Amino acid sequence: QVQLVESGGGLVQPGGSLRLSCAASGSIFSIYSMGWYRQAPGKQREMVSVISNSGSTNYADSVKGRFTVSRDNAKNTVHLQMNSLKPEDTAVYFCNAVINLGTVSVPRPYWGQGTQVTVSS
């Protein structure tokens with residue numbers, strides 16, 4: 001069984017910063033990509049940023065230059081540093097990881113429970 005636990009959400013003023021963290025635990029053999037998605041009210045879930053196990057990163061155009069994703073492979077953690085936050089960044093942020101449970105299993109995506117980020121004055 002695998003769990004992804006997020007932390008670091010909250011309320012911040014426009015222009016402020018937040019750092020999200022996510023830790024994966026359980027019977028993990030290997031982790032491929034890790035990353036963050038978000039879902040605003042009435043909108044579909046969208047990719048924010050993804051990082052591969054080799055460190056390659058991908059960002060949504062809307063967050064490039066403001067957000068930075070990083071991971072610690074030894075601790076099975078992924079972080080999202082969010083700077084210059086805007087009201088349109090308000091959403092529930094979900095951690096995602098593609099995890100392999102063993103040598104004979106197929107890697108599949110796992111999700112955290114989500115953490116609320118609200119950007120408002």
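Conventions we followed
- Residues numbered from 1 in each chain as written.
- Predicted model: local features only at pLDDT ≥ 70, side-chain atom pairs only at ≥ 80, totals over all residues.
- Heavy atoms only, no water.
- Core = buried A, V, L, I, M, F, W, Y, C linked by side-chain atoms within 4.5 Å.
- Buried < 20%, exposed > 50% of the residue type's maximum accessible area, 1.4 Å probe, protein only.
- Helix = DSSP H or I, 4+ residues; strand = E, 2+ residues; numbered from the N terminus.
- Contact = heavy atoms within 4.5 Å.
- Salt bridge = Lys/Arg side-chain N within 4 Å of Asp/Glu carboxyl O.
- Pairing = 2+ DSSP bridges.
- Axes fitted to C-alpha atoms, helices over the stretch in contact; angles between N-to-C directions.
- Polar contact = N/O pair within 3.5 Å; in protein donor to acceptor, adjacent residues only side chain to side chain.

Participant: What exactly am I supposed to notice about the nonpolar core here?
Facilitator: The biggest cluster of nonpolar side chains holds 30 residues, and the ones touching the most others in it are L4, W36, F67, V78, L80, M82 and Y93. Breaking this core down by element, the ones donating at least two residues are strand 1 (2-7), strand 3 (18-26), strand 4 (30-39), strand 5 (46-51), strand 7 (67-72), strand 8 (77-82), strand 9 (91-100) and strand 11 (115-119). The dominant element in this core, judged by the number of residues it contributes, is strand 9, at five residues. Setting aside chain neighbours within four positions, we find Y93 in contact with E6, L20, W36, Y37, R38, V48, F67, L80, M82, G114, T115 and V117.

Participant: Please explain the pattern of salt bridges as it appears in this structure.
Facilitator: Under the defined criterion, the tally for this structure stands at four salt bridges. A salt bridge links D61 to K64; its shortest N-O distance comes to 3.1 Å. Residues R66 and D89 are paired through a salt bridge, measuring 2.7 Å at the closest nitrogen-oxygen approach. A residue pair is termed long-range when its members are at least 10 positions apart, and R66 in the loop between strand 6 (57-59) and strand 7 and D89 in the loop between strand 8 and strand 9 qualify at 23 residues. When salt bridges that share partners are traced, they join R38, E46, R66 and D89 into one network.

Participant: Quick question: what am I supposed to make of unusual backbone geometry here?
Facilitator: Negative phi is the rule for most residues except glycine; trans is the rule for most peptide bonds. A positive phi is found at N76, a non-glycine position, where the angle reads about 55°. Take N76: it is sitting in the loop between strand 7 and strand 8. Even without being a glycine, S84 presents a positive backbone phi close to 50°.

Participant: Just to check I follow, could you spell out the sheet that holds strand 8 for this structure?
Facilitator: Across a sheet, strands are paired by hydrogen bonds formed along the backbone, either parallel or antiparallel in direction. Taken together, the four strands give an open sheet; going across it, the order is 1-3-8-7, and neighbouring strands pair in antiparallel fashion. With one partner strand each, in any of the chains shown, strand 1 and strand 7 form the two edges of the open sheet. Put simply, the sheet's adjacent strands are angled 15° from each other on average, direction ignored. Relative to strand 3, strand 1 runs antiparallel, the two being bridged by six bridges. Its bridge partner being in strand 3, V5 is matched across the sheet by A23.

Participant: Teacher, can you tell me more about the side chain of H79 here?
Facilitator: Position of H79 among the secondary structure elements: in strand 8. With relative accessibility at 16%, the residue H79 sits in the buried group. In this structure the side chain of H79 is engaged in a polar contact, spanning 2.8 Å, whose partner is the side chain of S21. Once residues lying within four places of it in the same chain are set aside, the contact partners of H79 are R19, L20, S21, W36, T68, V69 and S70.

Participant: Is there a simple way to think about the environment of K43 in this case?
Facilitator: Locating K43 in the fold gives a position in the loop between strand 4 and strand 5. What makes K43 exposed here is its relative accessible area of 58%. The sequence separation of K43 and A91 amounts to 48 residues, and the corresponding C-alpha distance is 9.5 Å.

Participant: Even after reading the chapter, I still don't get the environment of V92, so can you show me in this structure?
Facilitator: With respect to the helices, strands and loops of the structure, V92 is situated in strand 9. Given the relative accessible area of 25%, V92 is considered partly exposed. A sequence separation of 14 residues divides V92 from V78, and the C-alpha atoms of the two residues are 17 Å apart. Those residues in contact with V92 that lie beyond four places of it in its chain are Y37, R38, Q39, G114, T115 and Q116.

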